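Survey of secondary and tertiary structure
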Amino acid sequence: KSYLDFVLAHSYKGTPEALTYFFKLLDLRRAGRLLGLDLAYFFRAVLEKFDELGEEPNCLVADVQDEIFDMVKPADPRYIT
């Protein structure tokens with residue numbers, strides 16, 4: 001069931017159900033909101049992969065956080081709900 005949920009959410013990314021599914025995946029603290037630190041946790045893995053491949057990342061964690069918060073436009077600038 002978990003794999004099927006992921007495939008469906010990925011296939012229908014724009015639906016409220018898919019957004020809820022992915023939000024719950026990212027909300028590791030089960031706080032109902034995502035902080036910049038939560039986003040940084042996941043992006044650090046991306047930076048580690050760059051390092052493994054011998055590539056230089058073309059952005060910083062803070063830049064990605066800012067971009068995500070700018071796109072989401074959360075009601076409270078400290079977190080995304």
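Residues numbered from 1 in each chain as written. Predicted model: local features only at pLDDT ≥ 70, side-chain atom pairs only at ≥ 80, totals over all residues. Heavy atoms only, no water.

1. What to know about the side chain of Asp-27
Considering the arrangement of structural elements, one finds Asp-27 in the loop between α2 (16-26) and β1 (34-35). Despite its burial, Asp-27 pairs with no opposite charge; the closest candidate is Arg-29, at 4.9 Å N-O. One polar contact links the side chain of Asp-27 to the main-chain amide nitrogen of Ala-31, over a distance of 3.1 Å. Contacts of Asp-27, omitting those with residues within four sequence positions, involve Gly-32, Arg-33 and Leu-34. (Helix = DSSP H or I, 4+ residues; strand = E, 2+ residues; numbered from the N terminus. Buried < 20%, exposed > 50% of the residue type's maximum accessible area, 1.4 Å probe, protein only. Lys, Arg positive; Asp, Glu negative; His and termini not counted. Salt bridge = Lys/Arg side-chain N within 4 Å of Asp/Glu carboxyl O. Polar contact = N/O pair within 3.5 Å; in protein donor to acceptor, adjacent residues only side chain to side chain. Contact = heavy atoms within 4.5 Å.)

2. Considering the packing of helix α3 (residues 36-52) against helix α4 (residues 61-72)
One way to put it is that α3 packs onto α4 with a least axis distance of 9 Å and a crossing angle of 125 degrees. Taken together, the axis directions place α3 and α4 in an arrangement best described as oblique. Seen along the crossing, α3 lies across α4 with a hand that is right-handed. On α4, the residues touching Gly-36, Leu-37, Leu-39, Ala-40, Phe-43 and Leu-47 of α3 are Val-61, Val-64, Gln-65, Ile-68 and Phe-69. Considering only residue class, the contact of α3 with α4 consists of nine nonpolar, two polar and no charged. (Axes fitted to C-alpha atoms, helices over the stretch in contact; angles between N-to-C directions. Parallel < 35°, antiparallel > 145°, perpendicular 65-115°, else oblique. Left-handed = near helix turned anticlockwise from the far one by under 90°. Nonpolar A, V, L, I, M, F, W, Y, C, P; charged D, E, K, R; others polar.)

3. Here's the deal with the packing of aromatic side chains
The full count for this structure, using the stated rule, is three aromatic pairs. Judged by centre distance (5.2 Å) and plane angle (85 degrees), the ring pair of Tyr-41 and Phe-42 falls under edge-to-face. Clustering of aromatic rings is evident, with ring pairs tying together Phe-6, Tyr-21 and Phe-22. Above the plane of the ring of Tyr-79 lies Arg-33, whose end atom (NZ or CZ) is 4.5 Å from the centre. (Phe/Tyr/Trp six-rings, centres within 6.5 Å; stacked < 30°, edge-to-face > 60°. Lys NZ or Arg CZ within 6 Å of the ring centre and 35° of its normal.)

4. So, the packing of helix α1 (residues 2-11) against α2
What describes two packed helices is the angle between their axes and the distance between those same axes. Look at α1 against α2: their axes get within 9 Å of each other, and the N-to-C directions meet at 125 degrees. The orientation of α1 relative to α2 falls into the category oblique. α1 and α2 meet at a crossing whose hand is left-handed. Where α1 approaches α2, its residues Ser-2, Asp-5, Phe-6, Ala-9 and His-10 are matched on the opposing element by Ala-18, Tyr-21 and Phe-22. Its residues placed into classes, the contact of α1 with α2 shows five nonpolar, two polar and one charged.

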